[in-house]
Amino acid sequence: MFRPILATLIAIFALAEPALAEDYPTRPVTVVVPFAAGGPSDAMMRILGEGMKRSLGQSIVVEDITGAGGSIGVGRVVHSAPDGYTIGFGHLGTHVANGAIYKLNYDLVTDLEPIVLLPSNPMVIVSRNAVPAKTLKDLIAWLKSRPQPATAGTAGAGSGSHIAGLAFEKAAGVSVQFVPYRGTAPALNDLVAGQIDIIVDQLSNSINQVRAGNIRAYAVTDSRRSDQAQDIPTTDEAGLPNFHMTLWSGLWAPKGTPKPIIDKLNKAANEALADPQVKKQLENLGLRMPPASQSTPEALGDWQKAEIAKWWPIIKAANVKVE
Ligand code: MLT
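The rules behind these values
Residues numbered from 1 in each chain as written. Predicted model: local features only at pLDDT ≥ 70, side-chain atom pairs only at ≥ 80, totals over all residues. Heavy atoms only, no water. Near = heavy atom within 4 Å. Polar contact = N/O pair within 3.5 Å; in protein donor to acceptor, adjacent residues only side chain to side chain. Areas by Shrake-Rupley, 256 points an atom, 1.4 Å probe, with all protein chains shown as cover. 1 Å grid on protein atoms, 1.4 Å probe; cavity = no way out; pocket = protein on both sides within 12 Å on 5 of 7 lines; lining within 4 Å. Sits in = over half its atoms within 2 Å of the grid points. Helix = DSSP H or I, 4+ residues; strand = E, 2+ residues; numbered from the N terminus. Domains from an automatic or database assignment. Contact = heavy atoms within 4.5 Å. Points joined across faces, edges and corners; volume = space filled by probe spheres on them. Nonpolar A, V, L, I, M, F, W, Y, C, P; charged D, E, K, R; others polar.

Let us now look at the site of the ligand. Around the ligand, a shell composed of Phe35, Pro40, Ser41, His91, Ala155, Ser159, Gly160, Ser161, Gly183, Thr184 and Gln202 is seen. The separation between an oxygen atom of the ligand and a polar side-chain atom of serine 41 is 2.6 Å. Between glycine 160 and the ligand, the recorded distance is 2.6 Å, taken from a backbone N or O atom to an oxygen atom. Taken by itself the ligand offers 270 Å² of open surface, and the protein chains cover 100% of this. With respect to the detected pockets, the ligand is housed in the largest cavity. Contributing elements (two or more residues each) for the shell around the ligand: helix H2 (40–56) and helix H6 (160–172). Residue assignment places the shell around the ligand across two domains, with domain 1 (28–120 + 248–305) and domain 2 (122–238) each supplying three or more.

A few words now on the environment of isoleucine 199. Along the polypeptide, isoleucine 199 turns up in strand E7 (residues 198–202). For the pair formed by isoleucine 199 and glycine 158, sequence separation is 41 residues and the distance between their alpha carbons is 15 Å. Apart from residues lying up to four places away in sequence, isoleucine 199 is in contact with Val124, Ile125, Val126, Gly153, Ala187, Leu188 and Leu191.

A word on the layout of surface pockets. Gaps left between atoms are located by rolling a probe of water-molecule size over the structure's atoms. Empty space within the largest pocket amounts to approximately 350 Å³. Lining the largest pocket are 16 residues; nearest its centre among them are Leu166, Ala167, Lys170, Trp311 and Ile314. Mapped by element, the contributors of at least two residues to the lining of the largest pocket are H6 and helix H11 (297–317). Of all the elements, H6 adds the most residues to the lining of the largest pocket, at six residues. Residue composition of the lining of the largest pocket, by class: eleven nonpolar, two polar and three charged. Taken as a whole, the second largest pocket encloses approximately 300 Å³ of empty space. What lines the second largest pocket is a set of 19 residues, among which Ser120, Thr246, Trp248, Trp303 and Glu307 lie closest to the centre. Mapped onto the lining of the second largest pocket, the elements with two or more residues apiece are strand E4 (112–128), strand E9 (246–254) and H11.

Written out as structure tokens, the structure reads:
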């Protein structure tokens, strides 16, 4: 008795799907940001959301769901209805590194539909102002001289700031004590207050505090200086060659979200990124627009798989223990 009813419901939904997609969206779209409000992820999504709203004709509601290096927020998206009304923001940490560190109850590739690649930014090595180091070489010497390991703020195990911190330890031959927060906004507050010693942070998060003189920047993890922070040397120039790391971001939807809905979201995000006002706000934070050649949902999917292949062996070799 039950089977015919189920078959009928599936048939009805299949027939209704094109119409549902055609009218989409008929109400606000929620974007889950897996880190604390005010951080680089939240900031980028709120700026982008204003542009997407104009294109979709519906509001973008940012919901910050934090914890476990971003994996809790990603899980919320994975287990949401595939109707286009709950999607997720993520990046190298949440959609690559977390898969190598946590026993996730979802698969980062097969349980999500890629929507679009978003802007990226290099990391920047910053310290509280009282650290007695003026150059990156001085900072590394200071870190090595500490009787107890210096403290390094992160957004939790597997976050971008944590992966960058691990890479910095390896490149500089230092050891730090990682201090996890629900995002790098609260970590930055503690750095400004002098409660922690350093962060290997996204440039977009630290740039305004560096400009205000509230923290000290030593180098950006890139082969070229940032156009918005020309006075910060690269790691190559500062004596730590080849320590490069770019944190890229993207949007994903739950598996099974209809392709026409994915395409509408992709189009809205690309139109937002092309909007001069949105572009100016993002670039002023030191963010770099994604290449036009990587603007399709498939491009994000291919990029994420390539990054998993690159980073999982590195992260697993680091034998990261989740607290
Ligand atoms: C991180 O991975 O460090 C996060 O992006 C920080 C944040 O967005 O709060």
